[in-house]
Every structure is written in C-alpha cells, then in structure tokens.
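Fold and contact review
Single-letter residue listing:
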Amino acid sequence: MAIVLNGLMKKPEGGVEDGAFVEGWNWGAMYFAGYGVFSAGLSVGLTNVASGIAVGVAGSSCALADAQDPSLFVKILIVEIFASALGIFGIIVGIIQSNNCQFPYDVA
C-alpha cells in the first residue's frame, strides 16, 4: 500500500521558490489529496490491526478445539481464512480511497 500511495506524490514542478509555495496553488486540492492519502493509510492500518486481533482470538480458540476433536480441522481453517480476509478487504478499500487523491503539480 505504501508503494501505491508513494506513486501519488511527486515534487511540484513550478511555483516553488526557496522551498516555499508561491501564490496561485490550489490549496483545496492539496488538502483533499493529503487527507485522502491519510485516510487511506489509516483505514488500511486499522483493518489490519482488527484482522490480526481476529486471527489471534480465533486461532487460539481453534487450536483448543482442534486439540479436543481433530475432525474439526477443515471447519477451523475456514474460520481462520475469514478472519484473515479482513486485512485484504482493508487494502482494497484503501486503494479505492487513494484513487481520487491527485496532488496538484503546477500552479493553476
């Protein structure tokens, strides 16, 4: 996800003097893109944390259930797959959120 977000950001081509932006930049587009990238990263991070917690809780419970009855292994494996799929859904949502983030590269 960091590679996708890093591809959105480029060095501005014009309108920068001594490291400061001159007048005429589209600040609304800059703020929109910045908050969009931030929210994409935040949603990916939080869903991966939730996925990790779900895998941990389900994994410990499933290990105990498998120890008591080995015929439950396939059912337990399906539960683990659903718990880990939360992280994949978070990455998909983050990519969709970051698709609208276009930083302005030049003075409008």
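Okay, so let's go over this structure. (Residues numbered from 1 in each chain as written. Predicted model: local features only at pLDDT ≥ 70, side-chain atom pairs only at ≥ 80, totals over all residues. Heavy atoms only, no water.)

Examining the overall build of the protein chain
The criterion, for reference: Each helix is a run of H or I in the DSSP string that is no shorter than four residues. Each strand is a run of E no shorter than two, and both are numbered from the N terminus. By definition in these notes, contact holds between two residues if any of their heavy atoms fall within 4.5 Å. In short, Shrake-Rupley with a 1.4 Å probe defines the accessible areas, and a residue's cover is counted only from the protein chains shown.
Scanning the protein chain from N- to C-terminus turns up three helices and two strands. Helices and strands appear in the protein chain in the N-to-C order α-β-β-α-α. The long-range share in the protein chain, meaning contacts at least 24 apart out of those at least 6 apart in sequence, stands at 79%. Accessible surface, the protein chain: about 7400 Å² in total, of which carbon and sulfur atoms supply 69%.

Description of a nonpolar patch on the surface
Note the cut-off: Like-charged residues are merged into a patch within 9 Å and nonpolar side chains (Val, Leu, Ile, Met, Phe, Trp, Tyr) within 5 Å, provided each residue has over 30% relative accessible area and no salt bridge. For this analysis, a salt bridge means a side-chain nitrogen from Lys or Arg found within 4 Å of a carboxyl oxygen belonging to Asp or Glu.
A cluster of nonpolar side chains, namely Trp27, Tyr31, Tyr35, Phe38, Leu42 and Leu46, defines an oily patch on the protein surface of about 730 Å² accessible area. If you trace the backbone, tryptophan 27 turns up in helix α2 (residues 27-68).

Points about α2
One full turn of an α-helix is made of 3.6 residues, so residues set three or four places apart face in the same direction. Rules: A helix's residues, less one, multiplied by 1.5 Å, set its expected span. When a residue's accessible area, from a 1.4 Å probe over protein chains only, is under 20% of the maximum for its type it is buried; when over 50% it is exposed; and in between it is partly exposed.
For α2, spanning 42 residues, the distance from its first C-alpha to its last is 61 Å, which sits close to the expected 62 Å at 1.5 Å a residue. All buried positions along α2 are accounted for by Met30, Ala33, Gly36, Val37, Ala40, Ser43, Val44, Ser51, Ala58 and Cys62.

A look at the packing of α2 against helix α3 (residues 73-98)
For clarity, the threshold we go by: Axes here refer to lines fitted to C-alpha atoms; in helices the fit is confined to the stretch in contact. Angles between the N-to-C directions go from 0 to 180 degrees. Each angle receives one of four descriptions, namely roughly parallel if under 35 degrees, roughly antiparallel if over 145, roughly perpendicular if within 65 to 115, and oblique otherwise. Residues were grouped as follows: Ala, Val, Leu, Ile, Met, Phe, Trp, Tyr, Cys and Pro as nonpolar; Asp, Glu, Lys and Arg as charged; and all remaining residues, including Gly, as polar.
Between α2 and α3, the least distance of the axes is 8 Å, while the angle of their chain directions is 180°. Looking at the two axes, α2 sits roughly antiparallel to α3. Here the residues of the contact of α2 with α3 sort into 14 nonpolar, 12 polar and two charged.

Remarks on the side chain of glutamate 80
Selection rule: The convention is simple: Lys and Arg are positive, Asp and Glu are negative, and His and the chain ends are not counted.
Structurally, the position occupied by glutamate 80 is in helix α3. Summary of buried charges: glutamate 80 has no salt-bridge partner, and the nearest side chain of opposite charge, lysine 75, is 16 Å away.

Remarks on the environment of glycine 87
Within the element layout of this structure, glycine 87 appears in helix α3. Spatially, the C-alpha atoms of glycine 87 and threonine 47 are 5.6 Å apart, while their sequence positions differ by 40 residues. When sequence neighbours within four positions are dropped, the list of residues in contact with glycine 87 reads Thr47, Asn48 and Ser51.

Concerning the side chain of serine 98
So the rule is basically this: For this analysis, a polar contact is any N or O atom pair within 3.5 Å, provided that within protein one partner can donate a hydrogen and the other can accept it, and provided that sequence-adjacent residues contribute only side-chain to side-chain pairs.
Examined against the element boundaries, serine 98 turns out to sit in helix α3. Within polar-contact distance, the side chain of serine 98 engages the backbone oxygen of isoleucine 95 at 3.1 Å.

Side note on the environment of methionine 30
Along the polypeptide, methionine 30 turns up in helix α2. Spatially, the C-alpha atoms of methionine 30 and cysteine 101 are 8.8 Å apart, while their sequence positions differ by 71 residues.

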